[in-house]
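Remarks on the overall topology
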Amino acid sequence: MNYQWYPGHMTKAVRQMQEDVKLIDLIIELVDARVPYSSKNPDIDEIGKNKSRVILLNKSDLADSGENQKWKNYYSSLGYKVLEIDARNKASLKGIINIVKEACKEKIERDKKRGIMNRPIRAMVVGIPNVGKSTFINSFASKACTKTGNKPGVTKGKQWIRLSKELELLDTPGILWPKFENNTVGERLALIGSINDDIIDKNELSLAMIDFLVSKYSNSLYDRYNIEYKGEKSIEILEQIAAKRGCLIKGGEIDYLKASTLLIDDFRTGKLGRITLDSVQEI
Ligand code: G4P
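The text that follows walks through the structure, step by step, so that each part is easy to find. (Residues numbered from 1 in each chain as written. Predicted model: local features only at pLDDT ≥ 70, side-chain atom pairs only at ≥ 80, totals over all residues. Heavy atoms only, no water.)

**Describing helix H1 (residues 8–20)**
Operational definition: Working definition: helices are DSSP H or I runs of at least four residues, strands are E runs of at least two. Numbering for both runs from the N terminus. Residue count minus one, scaled by 1.5 Å, sets the expected span of a helix. Throughout this description, buried means an accessible area under 20% of the type-specific maximum (1.4 Å probe, protein chains only), exposed means over 50%, and partly exposed covers the range between. Working note: the arc is built from the helix axis to C-beta atom directions.
With 13 residues, H1 extends 19 Å from end C-alpha to end C-alpha; this agrees with the ideal 18 Å at 1.5 Å per step. What H1 keeps buried is the set Met 10, Ala 13, Val 14, Met 17 and Asp 20. When H1 is viewed along its axis, its buried side chains cluster within an angular range of 125° and face the same direction. Exposed residues lying more than 90 degrees from the buried face of H1 are Gly 8, Lys 12 and Arg 15.

Structural data, given as structure tokens:
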């Protein structure tokens, strides 16, 4: 199945970002900690070349904590400033100002030498759909603004959010890119809900998910659904899930779509436990 999804509004958003990047010092990129590679948009590297970069591993509460650390090390080794966050939890955001300042150290020094003091750092916040960008901006803005006594304001027709004298954020729409590197990337983006569900074959996606779980998180799968016959084909495991959870249609036949949707939703909401799909070793 081809998961490619790149509606016209995304092309338009990219063009706008290519313009707006001239106004900023730094790119803050949210990726999904369960798929830190698959959810990292390669077009942003092109748009943001020569800019300081911060990566926020969002939804880290849903991802495997050991893997979070590996991904943090990996992106740090490439020169990014990286932080694990849960955008819903304001306490997890408190290190951001510091890593932003670290990422912009050279610019701050340069400004100082020229006698420019207290010019705010301007950051563009980017990420794929459903990565948690709105949640992040709401949590972060209200936190910083409570602290400084300012209110977030939208000015000059752009989505500028003034957090404090130190930092201004430019919000951008969630975008994907025109051609995924391979089908696994598309599959994983579909699993985290970043691709329109209407174009997805959930049966096929759930079977791929079962294969993955059996290979890496088999206990999470078997325990959650009381799977009895292990080592079966993915379709047979899906049938067991359907039977256990009463996913049946009239006449007692298996409702594959219902069982597939249940499995995918359980993954998306963390009911299967903390799971990371991308692995640093795969790169
Ligand atoms: P977007 O703007 O990037 O499209 O994403 P948005 O903030 O709307 O977040 C998408 C979903 O992800 C929301 O759930 C949001 O609550 C959830 N979310 C965001 N950040 C985190 C995080 O760090 N951890 C976890 N566990 N969830 C996160 P939803 O079910 O679609 O909406 P809601 O009912 O929670 O509002």
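**What to know about the site of the ligand**
Counted only if it meets this: Proximity criterion: a residue is near a molecule or strand once any of its heavy atoms comes within 4 Å of it. Whenever two N or O atoms come within 3.5 Å, that pair is a polar contact, provided that in protein one can donate a hydrogen and the other can accept it, and provided that, for residues adjacent in sequence, both atoms are side-chain atoms. In short, Shrake-Rupley with a 1.4 Å probe defines the accessible areas, and a residue's cover is counted only from the protein chains shown. We call Asp, Glu, Lys and Arg charged. Ala, Val, Leu, Ile, Met, Phe, Trp, Tyr, Cys and Pro are nonpolar, and the rest, Gly among them, are polar.
Around the ligand, 13 residues are found, and the nearest of them are Asp 61, Gly 132, Lys 133, Ser 134 and Thr 135. The contact in question runs from an oxygen atom of the ligand to an N or O atom on the side chain of Asn 58, over 2.9 Å. Lys 133 places a polar main-chain atom, nitrogen or oxygen, 2.8 Å from an oxygen atom of the ligand. For the ligand, whose accessible area on its own is 710 Å², the fraction buried by protein is 58%. In terms of residue count, the dominant contributor to the shell around the ligand is helix H6 (residues 133–148) (three residues). Taken together, the residues of the shell around the ligand sort by class into three nonpolar, five polar and five charged.

**Observations concerning the pairing of strand E4 (residues 121–127)**
Filter applied, for reference: Note on pairing: DSSP must find at least two bridges between two strands before they are called paired.
Summarising burial for E4: six of the seven residues are buried, a large majority. The pairing of strand E1 (residues 26–32) with E4 spans five bridges and is parallel. Among the inter-strand pairings, Ile 28 is bridged to a residue of E4, identified as Val 125.

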